[in-house]
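Descriptive structure summary
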Amino acid sequence: MSDQHAGDSGERDDSSSAPAAESESAARDERPVVYDLAPDCTLSDVEPDAYYHAEVNGVVEYGIFVDVSDAVSGLVHESNLSDDYDVGDKLVVHLKEIKENGDIAFDDVDLADYDTETVDHEPEITRVHGLEPGDTVTVEGEIVQTKQTGGPTIFGVADATGIVSCAAFEEAGVRAYPEIEVGDMVHLSGDVETRENALQIEVDSLTKLEGDREADAREAFEDAIDERATPEDVDPLVEWEAFEAIHEELKEVATLLRRTVLEGRPLRVRHHADGDGMCAAIPVQHALENLIQEVHEDVDAPRHLFKRLPSKAPFYEMEDVTRDLNFALEGQARHGQKLPFLLMLDNGSTEEDVPAYENLAHYDIPIAVVDHHHPDPEAVDPLLDAHVNPYTHGEDYRITTGMMCVELARLIDPSISEELEHVPAVAGLSDRSKAEAMDDYVELASEAGYERDDLLDIGEALDYAAHWLRYSEGKTLVNDVLNVGCEDEARHEELVEFLAERAERDVDRQLGAVEDHVEHERLASGARLYRIDLDEFAHRFTYPAPGKTTGELHDKKVKETGDPVITIGYGPDFAVLRSDGVRLDIPNMVTELNEELPEAGVSGGGHLVVGSIKYVKGVRGPVIESLVEKMADAEIDEALSSTIQLED
């Protein structure tokens, strides 16, 4: 009995408490909500038929004016007033109507019971792309630059649509918002103005996003950047089965480069200072500068964020990397920029590049390589973010870097495709490519108005210009020669004719000087070996340089004999090697020379049958003789010919 009573009692307790809780909850649900607006709330934060806490700011004959925030005010007409009010009195109002002219009509209400909810201002976020002078805007994005001037602090802010400079002033030369750093997600508001032909936001407020707000903004930003960084699906200029796998890898590099621009990171391009190297670098530069200009609201952004530099050696020398690193660190310190993305073109694939990459590994400098020299992927790939090389797909140097980079440029900016139709043929002819697609490239160039002789002249003019530019970019001159981004077709034609004629004249003079001093012998394999001491018998410190001189002499001997030919042009501490129809492996020869003559300090390499080496001056004789022995043992192989039989 008592057990049953206890159970009933428990059941009665449960049943009696549940309706009470439900009743209390229902009562809460039925109570109206009165919104308490933050002072910076605007008309976008209110809506008709809602209740608001208000304060009287004026009393007139026909009613009272009330503020529900600093920016939102309206009238309670006398016909809707239930009491008398004075300025400063608090009340609850009902928003009756927002008129077309922006005026607001309120009713006075008397609520016995209600809940209050605080409302923070949520401004409409403005996209960076499309800002107009005079606009008052709110922007959310990532800080990509912080630069202190003698006046304001300049912040570079990136959203998914673009990058804009924002000026915040504390006092002259004093860092505004010192808690804000590169990489932070921020919320800022201000007025858009024009400063030195660039749009700039004059900052009223700047806040670092944190917690869930930062995480949500970061995720949205990254997703949008990923989407925009993805290149368009652009087919290669010619159909070429051997190129298909390479093209897929170029898409990945294009995505990296597009993302780099969208994130506001500077770009630094190193390329081999020859015809193929420039045919690689110029189209990529043209495409990236177009994208930088599209992304940034500053017309000078391409000049500040992109730098192209030629390299004389076919690998990244410590002198070059030290200069690049110093430039990058100075830029970071002076301009508050991220460290640059390094793009290596027509060099960067070999073990010779490793020390330079290891030097950069101490810093946040991403590296991508597009090259066609014989690679050492096990040595370099762990230090790279991307590496495209035809050898990794079972192809070889016949697919030149210029051919690959034209497609890379088109993936970055498809709009420049027509400007580039002749460039792969120039690259191939400059680098003596015997690729199966060369005829297609030459035909494509012909359709664009360039005959074979025109292409050869452009290549010679590029080589001649590169020699005299030495370590300088020479952007306008080189662009005009290659006719990429050139605004004057007549100037291009005149410039190519002038430079090509000068190059031919200087080559003829150089060959005339060395011809009587060339040593010749028949190797046991049947190949012809030609040697020339360039230090003794060639014009020095002028065009053509030792590499070009050796190449021109080699081409001449190939034409004259029709036999397999090896040519060595050497100086006190260097040798330039060319081979046609002989199965050489110059990188392997360098390795063997170091094992046999460690005191010679041999370094260098290049392609399998085209390259250059350096050594200690006093050991030149043994190095050259050892080279000749290795070449004499090499097999004849017409398939490895490195030279096109040019028509007379």
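A brief report on the enclosed structure follows.

Moving on to helix α12 (residues 452–469). Look at α12: 26 Å from first C-alpha to last across 18 residues, which is about the 26 Å you get at 1.5 Å a residue. Regarding α12, the residues found buried are Leu-455, Ile-458, Gly-459, Ala-461, Leu-462, Asp-463, Tyr-464, Ala-465, Ala-466, His-467 and Leu-469. Turning to α12, the residues buried within the fold contact α4 (275–295), α10 (423–430), α11 (438–447), α13 (475–482), α14 (489–514) and α16 (546–561). Looking one or two residues beyond α12, the residue adopting positive phi is Arg-470, at roughly 55°.

Attention now goes to the sheet that holds strand β13 (residues 267–272). Spatially, β14-β13-β15-β16-β17 is the arrangement adopted by the 5 strands of the open sheet, whose pairing is parallel. Where the open sheet ends on each side, the last strands, each with one partner, are β14 (306–311) and β17 (386–388). Averaged over neighbouring strand pairs, the angle between their axes works out to 15° when direction is ignored. Helix α3 (residues 244–262) rests against β13, β15 (341–345), β16 (367–370) and β17 of the sheet, and its axis sits at about 140° to β17. Its contacts with the sheet place helix α9 (residues 401–412) against β15, β16 and β17, and it is angled at close to 125° to β16.

Moving on, we get to the pairing of β15. Counting buried residues in β15 gives 5 out of 5 residues, a clear majority hidden from the surface. Side chains Phe-341, Leu-343 and Leu-345 project from β15 onto one buried face, and the interleaved Leu-342 and Met-344 project onto a second face that is buried too. Bridge count between β13 and β15: 5 bridges; the pairing is parallel. Within the sheet, the bridge partner assigned to Val-269 lies in β15 and is Leu-343. Here β15 runs beside β16; their pairing, made up of 4 bridges, is parallel. Residue Met-344 lies in a different strand from β16, and its bridge partner there is Val-369.

Another point: α10. α10 sits mainly inside the fold: 7 of its 8 residues count as buried. All of the buried residues along α10 are Val-423, Pro-424, Ala-425, Val-426, Ala-427, Gly-428 and Leu-429. Taken from the residues just after α10, Arg-432 is the one with a positive phi, measuring 55°.

Scanning the model with the defined rule gives 5 cavities of 30 Å³ or more in all. Considering only enclosed or pocket space, the largest cavity measures out at about 60 Å³ in volume. Lining the largest cavity, in full, are Arg-268, Tyr-316, Asp-324, Leu-325, Ala-328, Pro-340, Leu-342, Leu-360 and Ile-365. Top contributing element to the lining of the largest cavity by residue count: helix α6 (residues 318–335), with 3 residues. Split by residue class, the lining of the largest cavity holds 7 nonpolar, no polar and 2 charged.

A word on the pattern of salt bridges. For the structure shown, the criterion picks out 44 salt bridges. The salt bridge involving Arg-228 is made with Glu-294; its shortest N-O contact spans 3.0 Å. Placement of Arg-228 in helix α2 (residues 211–229) and of Glu-294 in helix α4 is noted, with a sequence separation of 66 residues between them. Connected through shared salt-bridge partners, Arg-268, Arg-270, Glu-319, Asp-320, Arg-323 and Asp-324 make up one network.

All right, on to the pairing of β16 then. A two-sided burial pattern is seen for β16, the buried positions comprising Ile-367 and Val-369 on one face and Ala-368 and Val-370 on the other. Handedness of the β-α-β unit built from β15, helix α7 (residues 354–360) and β16 comes out right-handed. Judged from the 3 bridges that link them, β16 and β17 form a sheet pairing that is parallel. Across the sheet, Ala-368 pairs through a bridge with Ala-386, a residue of β17.

Each value, and the rule that gives it
Residues numbered from 1 in each chain as written. Predicted model: local features only at pLDDT ≥ 70, side-chain atom pairs only at ≥ 80, totals over all residues. Heavy atoms only, no water. Helix = DSSP H or I, 4+ residues; strand = E, 2+ residues; numbered from the N terminus. Expected span 1.5 Å × (residues − 1). Buried < 20%, exposed > 50% of the residue type's maximum accessible area, 1.4 Å probe, protein only. Contact = heavy atoms within 4.5 Å. Pairing = 2+ DSSP bridges. Axes fitted to C-alpha atoms, helices over the stretch in contact; angles between N-to-C directions. 1 Å grid on protein atoms, 1.4 Å probe; cavity = no way out; pocket = protein on both sides within 12 Å on 5 of 7 lines; lining within 4 Å. Points joined across faces, edges and corners; volume = space filled by probe spheres on them. Nonpolar A, V, L, I, M, F, W, Y, C, P; charged D, E, K, R; others polar. Salt bridge = Lys/Arg side-chain N within 4 Å of Asp/Glu carboxyl O. Right-handed = clockwise from strand over helix to strand, strands pointing away.

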